[in-house]
Amino acid sequence: MSIGIRKIIIVTNKEDIKDFKLLLGEGSNFGLSINYVVQNKPGGLPHAIASAERYLKNQNFVVILGDGFFKFKQFSNTVKKELNSFSKDRKSTRLNSSH
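In what follows, the accompanying structure is described. Source: prediction; values computed, not measured.

This part covers the overall build of the protein chain. When helices and strands are tallied, the protein chain shows five helices and two strands. Listed by position from the N terminus, the elements making up the protein chain come as β-α-β-α-α-α-α. Scored against the burial criterion, the 99 residues of the protein chain give a buried share of 22%. Considering only intrachain contacts with a sequence separation of at least 6, the fraction spanning at least 24 residues in the protein chain is 48%. Accessible area of the protein chain: about 7600 Å², with a carbon and sulfur share of 52%.

What follows is the structure, encoded as structure tokens:
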């Protein structure tokens, strides 16, 4: 990906995980590594992050809601700007569909 993200964790429900895997696979066709985590019941972002914790390994990470891909007019540019901002001051940043 042009924004430097190479590892992706998709947190989804058990009904949709098969479709994601069918569509995206393990990510090698995109130059990525994709892992999947099933969230058995909706528990919000904190629960989704906790569910993916085994893949995070105390690394910095970005949370992007799926609807962001459809609402951002210039999604890639927005992500780049926010990641650059974070890497400069190491304070949290938030990607929001209102960008």
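All right, on to the environment of L24 then. Examined against the element boundaries, L24 turns out to sit in helix α1 (residues 17-24). Relative accessible area serves as the criterion here: at 23%, L24 is assigned to the partly exposed category. Here the alpha-carbon distance between L24 and I34, two residues 10 residues apart in the chain, equals 8.0 Å. Residues in contact with L24, not counting those within four places in the same chain, are I10, F30, I34 and Y36.

Parameters at a glance
Residues numbered from 1 in each chain as written. Predicted model: local features only at pLDDT ≥ 70, side-chain atom pairs only at ≥ 80, totals over all residues. Heavy atoms only, no water. Helix = DSSP H or I, 4+ residues; strand = E, 2+ residues; numbered from the N terminus. Buried < 20%, exposed > 50% of the residue type's maximum accessible area, 1.4 Å probe, protein only. Contact = heavy atoms within 4.5 Å. Areas by Shrake-Rupley, 256 points an atom, 1.4 Å probe, with all protein chains shown as cover.

So far we have only geometry, and geometry alone does not tell us how the molecule works.
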